[in-house]
Amino acid sequence: HGIRPRFRGGSGGLRQLAGASLPTGIANFFSLALGRLDAVILSLMTNSATVGLYGGAYRIFEATLIVNSGFGLAIFPLLSRLQRGSASLRNVFELSCKAVCLVTAPLTGALIFFGGPILRITLGADFDSAATAMAILAGATFLYGLFSVAALTIAGQDRQGTFPWIAGVALALNVGINVALIPSQGIEGAAIAMTAAQALATALLLRE
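Below: a short report on this structure. From a predicted model like this one, the values you see are computed outputs, not experimental measurements.

A word on the overall build of the protein chain
Right, so step 1: Looking only at helices and strands, one finds seven helices and zero strands in the protein chain.
Right, so step 2: In the protein chain, the succession of helices and strands from N to C terminus is α-α-α-α-α-α-α.
Right, so step 3: Viewed in the frame of its principal axes, the protein chain has a C-alpha envelope of about 60 × 40 × 35 Å.
Right, so step 4: Within the protein chain, the proportion of its 208 residues that are buried is 40%.
Right, so step 5: Within the protein chain, counting contacts between residues at least 6 apart in sequence, those at least 24 apart form 79% of the total.

Structure, rendered in structure tokens:
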């Protein structure tokens, strides 16, 4: 196509690139921490067996996020082309939220009502006691669909500057609930912390 990349680059546009990508990078760091701190806090406050049980439930929950992420990425090109504040953007956003709920509702129901059998089939009978934690995490599965649509809509409109503080607030809530509930509730407390943090992040993004 006649494109000839230069071997010698310049710094032009680097500041603009950093300014546009830094908020998303910070938010991604917080999001990764949100998904891993539960296990770290559990390991500090309980024992390895408890961490293993929670890890099993979390792996099943994490697998459902692929569906939500895939749906969000599929609609992102359309969301990014629509004018900010337009009726078309509102209509597409509302339709996308409804569609992703239709996708995630069966997954949520499966985790709530069939968490025990799913854990038994995939990981073994030793993980039966993690079924309650999985049922709690099912709430985060449903919320993550709305979260992904809202986040990609905001990113498509070049408003990702709100991401770091939303992710930071959700992370702080997650840590606080973990510390408060894990001593008495164990893995169920960690699951409550994750779901509550996801609910807060989703609510804040939808508000934007």
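There is more to say, and it comes next.
Concerning the packing of helix 2 (residues 48-81) against helix 7 (residues 187-207)
Right, so step 1: Following both chains from N to C, one finds helix 2 and helix 7 inclined at 35°, their axes separated by 10 Å at the closest point. Where helix 2 crosses over helix 7, the two elements pack in a sense that is right-handed. Contacts between helix 2 and helix 7 involve Thr50, Leu53, Tyr54, Tyr58 and Phe61 from the first element and Ile187, Ala190, Ala191 and Met194 from the second.
Right, so step 2: Of the residues assigned to the contact of helix 2 with helix 7, the class counts are eight nonpolar, one polar and no charged.

Some words on the packing of helix 3 (residues 87-113) against helix 5 (residues 131-156)
Right, so step 1: One way to put it is that helix 3 packs onto helix 5 with a least axis distance of 9 Å and a crossing angle of 165°. Looking at the two axes, helix 3 sits roughly antiparallel to helix 5. In terms of crossing hand, the pair formed by helix 3 and helix 5 is right-handed. Here Leu89, Phe93, Ser96, Cys97, Val100, Cys101, Thr104, Ala105, Leu107, Thr108, Leu111 and Ile112 of helix 3 come into contact with helix 5, specifically with Met134, Ala135, Ala138, Thr141, Phe142, Gly145, Leu146, Val149, Ala150 and Thr153.

Some points on the nonpolar core
Right, so step 1: If you look at the biggest cluster of nonpolar residues, it comprises 39 residues, and the most contacted ones within it are Leu42, Tyr54, Phe61, Leu137, Met194 and Leu205.
Right, so step 2: Breaking this core down by element, the ones donating at least two residues are helix 1 (14-45), helix 2, helix 5, helix 6 (163-185) and helix 7.
Right, so step 3: Broken down by element, the residue count for this core peaks at ten residues, all from helix 5.
Right, so step 4: Look past the residues within four positions of tyrosine 54 in its chain and what remains in contact with it is Asp38, Leu42, Leu137, Ile187, Ala190, Ala191 and Met194.
Right, so step 5: The next biggest cluster of nonpolar side chains, apart from the first, holds ten residues, and it includes Leu79, Val92, Leu146 and Val149.

Observations regarding a nonpolar patch on the surface
Right, so step 1: A grouping of Val40, Leu44, Met45 and Val179 is seen on the molecular surface, where their side chains present a nonpolar patch of about 370 Å² in accessible area.
Right, so step 2: Tallying contributions element by element places helix 1 first for the nonpolar patch, with three residues.

Considering helix 6
Right, so step 1: Its 23 residues place the ends of helix 6 31 Å apart at the C-alpha level, agreeing with the 33 Å of an ideal helix rising 1.5 Å per residue.
Right, so step 2: Taking the largest bend as the criterion, helix 6 deviates by roughly 30°, centred on valine 179, and proline proline 183 comes between one and four positions later.
Right, so step 3: In the segment just after helix 6, glycine 186 is the residue with positive phi, at about 65°.

Describing the pattern of salt bridges
Right, so step 1: Considering all chains together, one arrives at three salt bridges under this definition.
Right, so step 2: Put simply, arginine 36 and glutamate 62 hold a salt bridge, and the shortest N to O gap is 3.3 Å. You can see arginine 36 sitting in helix 1 and its partner glutamate 62 sitting in helix 2, a full 26 residues away along the chain.
Right, so step 3: On the basis of relative accessibility, which here comes to 43%, the residue arginine 36 falls in the partly exposed class.
Right, so step 4: Classification of glutamate 62 by relative accessible area gives partly exposed; the value is 25%.

Here's the deal with the side chain of threonine 50
Right, so step 1: As for its position among the elements, threonine 50 is in helix 2.
Right, so step 2: Ignoring anything within four residues of it in the chain, the contact list for threonine 50 reads Leu42 and Ile187.

Some points on the side chain of threonine 153
Right, so step 1: One can find threonine 153 in helix 5.
Right, so step 2: With relative accessibility at 10%, the residue threonine 153 sits in the buried group.
Right, so step 3: A polar contact of 2.7 Å, which involves the side chain of threonine 153, links it to the backbone oxygen of valine 149.
Right, so step 4: When neighbours within four sequence positions are excluded, threonine 153 is seen to be in contact with Leu79, Leu89 and Phe93.

Cut-offs used in this document
- Residues numbered from 1 in each chain as written.
- Predicted model: local features only at pLDDT ≥ 70, side-chain atom pairs only at ≥ 80, totals over all residues.
- Heavy atoms only, no water.
- Helix = DSSP H or I, 4+ residues; strand = E, 2+ residues; numbered from the N terminus.
- Buried < 20%, exposed > 50% of the residue type's maximum accessible area, 1.4 Å probe, protein only.
- Contact = heavy atoms within 4.5 Å.
- Axes fitted to C-alpha atoms, helices over the stretch in contact; angles between N-to-C directions.
- Left-handed = near helix turned anticlockwise from the far one by under 90°.
- Nonpolar A, V, L, I, M, F, W, Y, C, P; charged D, E, K, R; others polar.
- Parallel < 35°, antiparallel > 145°, perpendicular 65-115°, else oblique.
- Core = buried A, V, L, I, M, F, W, Y, C linked by side-chain atoms within 4.5 Å.
- Patch = residues over 30% accessible without salt bridge, like charges linked within 9 Å, V, L, I, M, F, W, Y side chains within 5 Å.
- Areas by Shrake-Rupley, 256 points an atom, 1.4 Å probe, with all protein chains shown as cover.
- Salt bridge = Lys/Arg side-chain N within 4 Å of Asp/Glu carboxyl O.
- Expected span 1.5 Å × (residues − 1).
- Bend = angle between axes of the 7 residues up to and from the residue.
- Polar contact = N/O pair within 3.5 Å; in protein donor to acceptor, adjacent residues only side chain to side chain.

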